[in-house]
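Observations on the model geometry
The lines below spell out each chain.
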Amino acid sequence: MDFSFSNLIFLVLAVMLLQPLLSGRFFAIRREQAIRAIEKKRRSRVITMIHRQEKRSFFGMNVSRQIDLEDAQSIISAIKSTPDDTPIDLVLHTPGGLVIAAMQIARAVEAHPAKVSVFVPIYAMSGGTLIALAADEIVMGEFSMLGPIDPQIMGISAASIIAARDAKPVEHVSDVALVLADVSEKAVNQVKAGAVEIMTPRMDRADAEKLAETLASGTWTHDYALTPSEASALGVPVTVGLPKDILDLMKLYPAPVQQSAVEFLPFDPPGKRLN
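Not measured: the values here are computed from a predicted model. (Residues numbered from 1 in each chain as written. Predicted model: local features only at pLDDT ≥ 70, side-chain atom pairs only at ≥ 80, totals over all residues. Heavy atoms only, no water.)

1. With respect to the sheet that holds strand β12 (residues 262–264)
Selection rule: Pairing between two strands is assigned when DSSP locates at least 2 bridges connecting them. A run of H or I in DSSP counts as a helix once it spans at least four residues, and a run of E counts as a strand once it spans at least two, with each numbered from the N terminus. Helix axes use the C-alpha atoms of the stretch in contact, all axes being lines fitted to C-alpha atoms, and the angles between their N-to-C directions lie in the range 0 to 180 degrees. By definition in these notes, contact holds between two residues if any of their heavy atoms fall within 4.5 Å.
Read from one edge of the open sheet, six strands run β11-β7-β5-β4-β1-β12, paired in mixed fashion. A strand with exactly one partner marks an edge of an open sheet, and here the two such strands are β11 (238–240) and β12. Here the average twist between neighbouring strands, direction ignored, is 20°. On the sheet, helix α2 (residues 69–80) packs against β1 (45–50), β4 (88–93) and β12 and is oriented at approximately 175° with respect to β1.

Below is the structure:
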């Protein structure tokens, strides 16, 4: 068979198109092995929600991932399929996302009867922090980050919109600004109420209300990084010291090949596993 220049171009294009698929499959197999090893060691169910900037198109366009309703559906399904007496280890790496989706996940986390541990290898900001607050235990690395849970309206801090309205006599505030401030007040109150709801089973209500007020009322900018020591000082149940196998698992989610933000394996009862 003649090997023409056109055949060479076709072969190069085929390799370029198949390489991300083959690489993605390789990492998926490695992740499955790592997750099974953690589940066997900890006798738990491992669920991951990893949001990284991905290269998905042929031209290398970056696609940013955030918490959405599809994530909520997947994680709730995984939690509901986990037996009541089986602990859950939820690995979070996310910049945040939709409040409604984060609250759905947080309620499912809080409702699971057995212990739920949230692992934050790098960061779980905004909605990620809201989900973490619903867990029995938050395990962070020395340099991991949580963040404020203050809602954003049209990309602007709801607390700042309220502050801007209150800084002027009402007659000097436009109707649009008044409407935005009204929506902002409702958003802040809703997030506070939701945070208190998911924290009170494990925390005194007064402490939960104080923490929700601090995190949701614009104390910091929305991208402020709460260190483990700061979070602990606020009353967040933080443990510092990530297991090595969790850190190793994160290495198997390289941004260019990641295909799924939420992953979990079919439940494998501990009693059936090999020693």
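2. Some words on the pairing of β1
Each regular strand displays side chains that alternate between the two surfaces of the sheet. In plain terms, the rule: Only protein chains enter the accessibility calculation, which uses a 1.4 Å probe; a residue whose area is less than 20% of its type maximum is buried, one above 50% is exposed, and one in between is partly exposed.
In terms of residue burial, β1 counts as a mostly covered element, since six of its six residues are buried. Burial of β1 is two-sided: the residues R45, I47 and M49 facing one way and the residues V46, T48 and I50 facing the other way are all buried. As paired strands, β1 and β4 are joined by six bridges and run parallel to one another. Counterpart to T48 in the pairing with β4 is V91.

3. Brief notes about the packing of aromatic side chains
Short version of the rule: To pair, rings of Phe, Tyr and Trp, with the six-membered ring standing in for Trp, must have centres within 6.5 Å; the planes then decide the type, stacked if under 30 degrees apart, edge-to-face if over 60, and tilted in the middle. Each ring is checked for a lysine NZ or an arginine CZ that lies within 6 Å of its centre and within 35 degrees of its normal; such an atom marks a charge sitting over the ring.
Counted by the stated rule, this structure contains one aromatic pair. With a centroid separation of 5.3 Å and an interplanar angle of 5°, the aromatic rings of W220 and Y224 are classed as stacked. Residue classification places W220 among the partly exposed residues on the basis of a relative accessible area of 22%. Residue placement shows R31 over the ring face of Y253; its charged tip is 4.6 Å from the ring centre.

4. Things to note about unusual backbone geometry
Notably, S126 is not glycine yet its phi reads approximately 50°, a positive angle. Relative to the elements of secondary structure, S126 occurs in the loop between β6 (123–124) and α4 (127–133). Using a relative accessible area of 12% as the deciding quantity, one classes S126 as buried. We note that M154 has phi near 55°; this positive angle belongs to a residue other than glycine. Positionally, M154 belongs in the loop between β9 (152–153) and β10 (156–157). Judged by relative accessible area, M154 falls into the exposed class, the value being 72%.

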